[in-house]
Amino acid sequence: MTPSPMDVTRVAAVDAAHAARVLDAVRSARLSGERAPAAPRPVIERSWERMLRGGVDPDHDVRTGLLSREEVERRREASALRHVLPVLREGLLSSVDVVQHIMVVADDEGRVLWREGSAPVLRKADGLGFELGADWREDIVGTNGVGTPAVIRRPVQVFAAEHFVRSHAPWTCAGAPITDPRDGRLLGVVDVSGPLETMHPATLAWVGAVAKLAEARLRELHTRSLERLRAVAAPVLARTGGRALAVDRDGWTAAVTGMPYSERIALPKSLAAGERRLPALGPCAVEPLGDGWLVRITGEPAARGATRIELDLRQRRNWTVRVSGGAGAWAHELSPRHAELLYLLAVHRGGRSAAGLAADMFGDPARTVTVRAELSRVRRYLGGLLAHRPYRFCEEAEVEVLLPDDPCDLLPHSTAPAVTEHRRPATAR
C-alpha cells in the first residue's frame, strides 16, 4: 500500500524538528528506492521527478556564476517588478525581523534581483549562495521556493528536506509567481525564506496574497497608461477618416473610430512603423502614437485561404501558437492557461463543449464560466480560427502540435487532469 502524503504544515506547526526528521527520511528513502515512512506531497514529488530526469545532484549544490552588479541593475530597470516593490515590502517586510525571514524577488529567469530582511538570515543565505545575482531556477538548484513556483505557476512552500538538494534542508521557503496581467507572462517570483524553525502554517497563504496584491497594482498601472494613451489619441482619431484604433505596445486598445471596439488585438513581437498586415485586421498603416501605436486599416482583410496553426509546446515554458495563411504569418506567446486550452482543443479536433473542457481542466464540468471567459480571450487573437458549439479549431485549418521529447515535460505547470494523463507514457496508460 502506498503511504499517504504527510501534512507538513500541521506536523511542523506542532514540532518543526520532528517534521524535518520525517521529511529527511522520506527524501532519503525515495532517492534510494526504498519504502518511505510517508509519501511526499504531490507538488514536491513531481518536482523531485523533474530533478531526477534532469540529472540534478541531490548531494551537491551547484552555483552558477553570479550576475555582475551592473547586470543586476540593468535587469532591475528593465523589470516590471520594480513597480510593485513598495507593495511587496509593505506586505512582507513589516514583520520579517520578528520572525527571522528574508524577502527575495527573482526575475523570470530565476535570477535574484532584490533581497531584503533580517540581517542574520541574509548572512546565512549568503552561505547557501542565495544572494544577489544568483540563479535559483529549479533545474539548476533543485526544488526550492523560487524555481518551483516559476515552473508550476502557483504558490509553493518547500519545507526542510522537501528541498531536493541536501544542503538546503535547514531552510523553509514559500514563493509565489507574479504574472503580467496584460498577457499572463511570468515576470518573476517573490519568496519568503528563513531557518526551518521559523516556519508558520500561514506563510504560504500570506505570500500568495501579497503576490496577488502586486498583480492588482500592475493592472492599475496598465489601466492608467491606457487612459493616458486615450487622451493623446482622442484628437488624432477625431481627425481620422475610415477605420482606426490606438493601441499600446502590447495591443491593448485605448480608443477606436469607425469600427467596433475590441479589447485587444494581436501584434507581432517586433512591430515597426509602416505598412503592415496584422492578424484579423488585414493591411494597415502603423505609426507611433505616445506610448503605443496608431493603426489605420487601409484595406479589407485578405481571403484566408489555407491556414496552418502550429502549437509549440516543446519548452518547459514560453509556449507559442504560430499561424500562417492568406493573411500572412504571425505568432503569439501563450499564457499557461491558454496553452492548456489550445492543447486540449488540438487533441479533440472534433470539438469539446464548455463542460467537457471544464472537466478536462479542473475535474469539474460545472466550471463552464471560467472556460468560456478564457476562450473569449483566446478568440481575441485567433478570431475566426476558433469555432464554437462545440469549441474547436475551424475545419479548414491544418493544426500541428509540437510536443516535448519526454511526455513528462508537457506543460509542467499544469494540474489539469487531462494534461496530467497525457504526461504519462503511452505504455503506462
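See the structure printed just above.
This section reports on the structure supplied with the text. Please read these numbers as outputs of a predicted model, since none were measured by experiment.

Parameters and conventions
- Residues numbered from 1 in each chain as written.
- Predicted model: local features only at pLDDT ≥ 70, side-chain atom pairs only at ≥ 80, totals over all residues.
- Heavy atoms only, no water.
- Helix = DSSP H or I, 4+ residues; strand = E, 2+ residues; numbered from the N terminus.
- Buried < 20%, exposed > 50% of the residue type's maximum accessible area, 1.4 Å probe, protein only.
- Lys, Arg positive; Asp, Glu negative; His and termini not counted.
- Salt bridge = Lys/Arg side-chain N within 4 Å of Asp/Glu carboxyl O.
- Polar contact = N/O pair within 3.5 Å; in protein donor to acceptor, adjacent residues only side chain to side chain.
- Contact = heavy atoms within 4.5 Å.
- 1 Å grid on protein atoms, 1.4 Å probe; cavity = no way out; pocket = protein on both sides within 12 Å on 5 of 7 lines; lining within 4 Å.
- Points joined across faces, edges and corners; volume = space filled by probe spheres on them.
- Pairing = 2+ DSSP bridges.
- Expected span 1.5 Å × (residues − 1).
- Bend = angle between axes of the 7 residues up to and from the residue.
- Phe/Tyr/Trp six-rings, centres within 6.5 Å; stacked < 30°, edge-to-face > 60°.
- Lys NZ or Arg CZ within 6 Å of the ring centre and 35° of its normal.

1. Examining the side chain of R27
On the secondary structure map, R27 appears in helix 2 (residues 16-32). Buried charge without a partner: R27 forms no salt bridge, and the closest opposite charge is D59, 4.4 Å away. A polar atom in the side chain of R27 sits 3.0 Å from the backbone oxygen of P58. Residues in contact with R27, not counting those within four places in the same chain, are W48, P58, D59, A161, H163, F164, V165 and R166.

2. Brief notes about empty space enclosed by the protein
Evaluated as defined, the whole model comprises 1 cavity of 30 Å³ or more. If you add up the space inside the largest cavity, you get close to 70 Å³. Along the walls of the largest cavity sit L128, F130, W136, N144, G145, V146, H163, H168, W171, C173, D191 and S193, which together make up its complete lining. Mapped onto the lining of the largest cavity, the elements with two or more residues apiece are strand 4 (171-179) and strand 5 (186-195).

3. Comments concerning the pattern of salt bridges
Counting across every chain of the model gives 35 salt bridges. R308 serves as the salt-bridge partner of E310, at 3.3 Å between the closest nitrogen and oxygen. For R308, a relative accessible area of 27% translates into the label partly exposed. Where D312 meets R314, a salt bridge forms, and the shortest distance between an N and an O atom there is 2.8 Å. Exposure remark for R314: the relative accessible area of 43% places this residue in the partly exposed category. Salt bridges sharing common partners tie together R308, E310, D312, R314, R322, E398 and E400.

4. Considerations on the pairing of strand 4
On any regular strand, side chains alternate: one points to one face of the sheet, the next to the other face. With 8 of 9 residues buried, strand 4 is to be regarded as a mostly interior element. The pairing of strand 4 with strand 5 spans 9 bridges and is classified as antiparallel. Each residue of the ladder has a partner; that of T179, found in strand 5, is L186. What sits between the antiparallel neighbours strand 4 and strand 5 is a turn of 6 residues, in which G184 has the positive phi angle 75°.

5. Observations concerning helix 10 (residues 203-238)
With 36 residues, helix 10 extends 52 Å between its outermost C-alpha atoms, agreeing within 8% with the 52 Å of an ideal straight helix rising 1.5 Å per residue. At V232, helix 10 shows its largest bend, some 35°, and a proline, P235, comes one to four positions later.

6. Let's talk about the packing of aromatic side chains
A complete count under the given rule lists 1 aromatic pair for this structure. Judged by centre distance (4.4 Å) and plane angle (45°), the rings of F130 and W136 are tilted. There is no split in this pair, since F130 and W136 are both buried. Seen from the ring of W293, R249 lies directly overhead, with NZ or CZ sitting 4.3 Å from the centre.

7. Concerning unusual backbone geometry
In this chain, R389 is followed by P390 through a cis amide linkage whose omega measures 0°. Position of P390 relative to the elements: it lies in the loop between strand 14 (386-387) and strand 15 (392-393). A positive phi is found at R153, a non-glycine position, where the angle reads about 60°. Along the chain, R153 falls in the loop between helix 9 (147-152) and strand 3 (156-159). The backbone phi angle of R389 is positive, close to 60°, even though this residue is not glycine. Structurally, the position occupied by R389 is in the loop between strand 14 and strand 15.

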